[in-house]
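Given next are the chains, with one letter for each unit.
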Amino acid sequence: MTLDEQAGTVVENQDGIAVLRGSGLTRGWNGIRYKTGLSGKNTTAKQLSMNVATIPPGGVAFAHVHVDFEVMLYILEGAVRHEYGPSLELHVDNVAGDFIFIEPGVPHEVCNLSSTEPVVAVVARSDASEWEHIVDYPSRRRPDPTSARA
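Per chain, residue numbering runs from 1 following the sequence as it is written. Local features are withheld for residues below a pLDDT of 70 in this predicted model, meaning they are given only at 70 or higher, and side-chain atom pairs are given and counted only at 80 or more; totals for whole chains, interfaces and linings count all residues. To obtain the side-chain values, all non-hydrogen atoms of the structure were included, while hydrogens and water were left out.

Asks: Looking at this structure, I do not really get the sheet that holds strand β10 (residues 90-95). What am I missing?
Replies: Paired strands, as defined in this entry, are two strands with at least two bridges between them according to DSSP. Each helix is a run of H or I in the DSSP string that is no shorter than four residues. Each strand is a run of E no shorter than two, and both are numbered from the N terminus. Ordered in space as β10-β9-β12-β7-β14, the five strands form an open sheet in which the pairing is antiparallel. A strand with exactly one partner marks an edge of an open sheet, and here the two such strands are β10 and β14 (134-136). Averaged over all neighbouring strand pairs, the angle between strand axes comes to 30°, with direction disregarded. In this analysis an axis means a line fitted to C-alpha atoms, helices contributing only their contacting stretch, and an angle means the value between N-to-C directions, from 0 to 180 degrees.

Asks: Got a minute to help me understand the pattern of salt bridges in this structure?
Replies: Working definition: two side chains of opposite charge can pair if their charged atoms are close together. Salt bridge, as applied in this entry: a Lys or Arg side-chain nitrogen positioned within 4 Å of an Asp or Glu carboxyl oxygen. Across all of its chains, the model carries five salt bridges by this definition. Here Arg21 makes a salt bridge to Glu12, at a shortest N to O gap of 2.9 Å. The buried label applies to any residue whose accessible area, calculated with a 1.4 Å probe on protein chains only, is under 20% of its type's maximum; exposed applies above 50%, and partly exposed to all values in between. For Arg21, a relative accessible area of 58% translates into the label exposed. Since its relative accessible area comes to 29%, Glu12 is described here as partly exposed. One salt bridge in this structure joins Arg142 and Asp136, with 3.7 Å as the shortest N-O distance. A relative accessible area of 24% places Arg142 in the partly exposed class. Take Asp136: its relative accessible area is 55%, and that puts it in the exposed class. Through salt bridges that share partners, Glu83, Glu109 and Arg141 make up one connected network.

Asks: Honestly, unusual backbone geometry in this entry has me stumped. Any pointers?
Replies: Trans peptide bonds make up the majority, and among non-glycine residues the majority have a negative phi. Positive phi is not limited to glycine here, since Asp15 has a value of about 55°. With respect to the helices and strands, Asp15 occurs in the loop between β2 (9-14) and β3 (17-20). You will see that Leu88, though not glycine, has its phi angle at about 55°, which is positive. The residue Leu88 is located in the loop between β9 (79-84) and β10 in this model. Classification of Leu88 by relative accessible area gives buried; the value is 13%.

Asks: Hey, could you run me through the packing of aromatic side chains in this one?
Replies: The way to describe two aromatic rings as a pair is by their centre distance and the angle between their planes. Between the rings of Phe, Tyr and Trp (Trp by its six-membered ring), a pair exists once the centres lie within 6.5 Å; its type follows the angle of the planes, with under 30 degrees stacked, over 60 edge-to-face, and the other angles tilted. According to the stated counting rule, one finds one aromatic pair in the structure shown. Relative to Phe99, the ring of Tyr74 has its centre 4.6 Å away and its plane inclined at 45°; by these criteria the two rings are tilted. Pair noted here: Tyr74 is in strand β8 (residues 71-77) and Phe99 is in strand β11 (residues 99-102), with a separation of 25 residues, a long-range link.

Fair warning: the whole summary comes from geometry, so function is off the table for now.
Encoded structure:
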């Protein structure tokens, strides 16, 4: 067994199979809450990670880029818009049951289209580190960090 110290969850590793049972919400990043999933931190994975993301009603995952890794999403609940392109000028809307593929290097911002329901999605990345290769991208929605200073 392997303990994911950040999440306090136990991953069962036995003879090449790793199992994480009943993960809870354990990490917040960029307007999204994540359930602890499987990654290189708690398995022997070298090129893959997976977890479940929740965007709250009206929430936005501010613009970012996945550097040198691919992402696939499966929308379990809700309705979401991906704004993408160099100026975030393009968009695609998705609902529960849709699959989404995002190529490496595509700037995108993710918006929950509902003011009352969350978006819940399974997220798979071709990067076992999960978070280390994501960089912020300019967005008109991103709060100005200097406005919080008094």
